[in-house]
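Reading the structure
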Amino acid sequence: MGIRSMQETTFLILTALAGGSRHGYGIVSDVEQISERRVRLRAGTLYAALERLSGEGSIEIEREEIVDNRLRRYYRLTPAGGERLAEEASRLHSNARAALSRLDPRGGMAPT
Amino acid sequence: MTGQDRLERRYRRLLAFYPRSFREGHEEEILAVLLAGAAEGRNRPHPAEVVDLLRRGVSMRLRERWLRQSAREARRARWLIPLRAAIGLWLVVLTGVLCFFGEWWAPVLLLFAAIHFFLSIRLLKSRPRPPSPG
């Protein structure tokens, strides 16, 4: 992905899949949980992201199941997707650490 | 007809905005996600869901059309590669012949030959890039 940073929904979807393969609604609920109920993915948004991520080779279909007459397709992270997520996570981590260290109580601007 | 059936029919109507290629591969799957996410007893899609599906469906359709169109244009442009190269070559030969007969201005034609060669090489290298999806 290079210099451009990843969108939050993309980051959360990849994070959900880093915990193991999930089907569409499984991703929606996991993202909701990871983001502490702040992000609720809409189906259209989810599938636009899944299309793009499979096109890029970050995720792939693992298996399909029929549950209650409904199709469930399970997606999983590819090694390339795992690498992308790791890069983005460490970038975010180092930015957050820099921000928190500057907001340190010794600096007089303690976060509440 | 139950509320669930009615909801499903409404979702399907919205999914018709997606391109056929997407629906063939994902309609049942996305429908399962929509129905699983719908609140109990709901028989109409949530307005925000309607907007999301319309927006994504239309943008996917436009993107597909753009890809088809640029593939067609690329095919058409391929014809121009040998044509431009041939014109360039012909101009080089013409310049040589004119110089031979003492036409001092003839090398000006080499400039046009160079333009044709340049455009031909650029067409050879160019690959259309799709617009990024919403």
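Up top you'll find the structure we're talking about.
All values derive from a computational prediction rather than experimental measurement.

Listed per partner, the contact involves 23 residues of chain B and 17 residues of chain A. Here chain B and chain A share an interface that buries about 1,700 Å² over both sides, 58% of which is from carbon and sulfur atoms. Three residues stand out in chain B for area buried against chain A, namely Glu29(B), Val33(B) and Arg56(B), and they jointly supply 30% of the buried area on that side. Seen at the junction of chain B and chain A, the total is nine residue pairs in polar contact (both at pLDDT 80 or more). At the level of secondary structure, the elements contributing two or more residues to the side of chain B that touches chain A comprise helix H2 (20-37) and helix H3 (47-100) of chain B. With 13 residues, H2(B) is the largest single contributor of residues to the side of chain B that touches chain A. Looking at the side of chain B that touches chain A, its residues break down into 13 nonpolar, four polar and six charged.

Counted under the stated rule, the structure contains 19 salt bridges over all chains. Salt-bridge contacts for Glu8(B) lead to Arg70(A); the nearest nitrogen and oxygen are separated by 2.6 Å. Of the two residues, Glu8(B) is situated in helix H1 (residues 3-15) and Arg70(A) in strand S3 (residues 70-77); the pairing between them involves two chains. Within the structure, one salt-bridge network assembled from shared partners comprises Glu60(A), Glu62(A), Arg63(A), Glu65(A) and Arg76(A).

This next bit is on the pairing of S3(A). Residues and elements named next belong to chain A. Two strands pair when backbone bridges link them, and strand S1 (residues 22-23) and S3 are joined in this way by two bridges, in the antiparallel orientation. Of the residues in S3, the one forming a bridge with His-23 is Tyr-74. Alignment of strand S2 (residues 59-67) against S3, held across eight bridges, turns out to be antiparallel. Paired with Val-67 across the strands is Arg-70, a residue of S3.

Once that is clear, we can look at the sheet that holds S3(A). Across the sheet, which stays open at both edges, the three strands sit in the order S1-S3-S2 (chain A) with antiparallel pairing between neighbours. Of all the strands in the sheet, just S1 and S2 of chain A have a single pairing partner and so form its edges.

Our focus in this paragraph is the side chain of Thr45(A). With respect to the helices and strands, the residue Thr45(A) is situated in helix H3 (residues 43-56). When its relative accessible area of 17% is taken as the criterion, Thr45(A) is described as buried. At 2.7 Å, the side chain of Thr45(A) and the side chain of Asp52(B) are in polar contact. Once residues lying within four places of it in the same chain are set aside, the contact partners of Thr45(A) are Asp52(B) and Arg56(B).

Reading the values: the criteria
- Residues numbered from 1 in each chain as written.
- Chains lettered and ligands numbered in written order.
- Predicted model: local features only at pLDDT ≥ 70, side-chain atom pairs only at ≥ 80, totals over all residues.
- Heavy atoms only, no water.
- Contact = heavy atoms within 4.5 Å.
- Buried area = accessible area lost by both parts, 1.4 Å probe.
- Polar contact = N/O pair within 3.5 Å; in protein donor to acceptor, adjacent residues only side chain to side chain.
- Helix = DSSP H or I, 4+ residues; strand = E, 2+ residues; numbered from the N terminus.
- Nonpolar A, V, L, I, M, F, W, Y, C, P; charged D, E, K, R; others polar.
- Salt bridge = Lys/Arg side-chain N within 4 Å of Asp/Glu carboxyl O.
- Pairing = 2+ DSSP bridges.
- Buried < 20%, exposed > 50% of the residue type's maximum accessible area, 1.4 Å probe, protein only.

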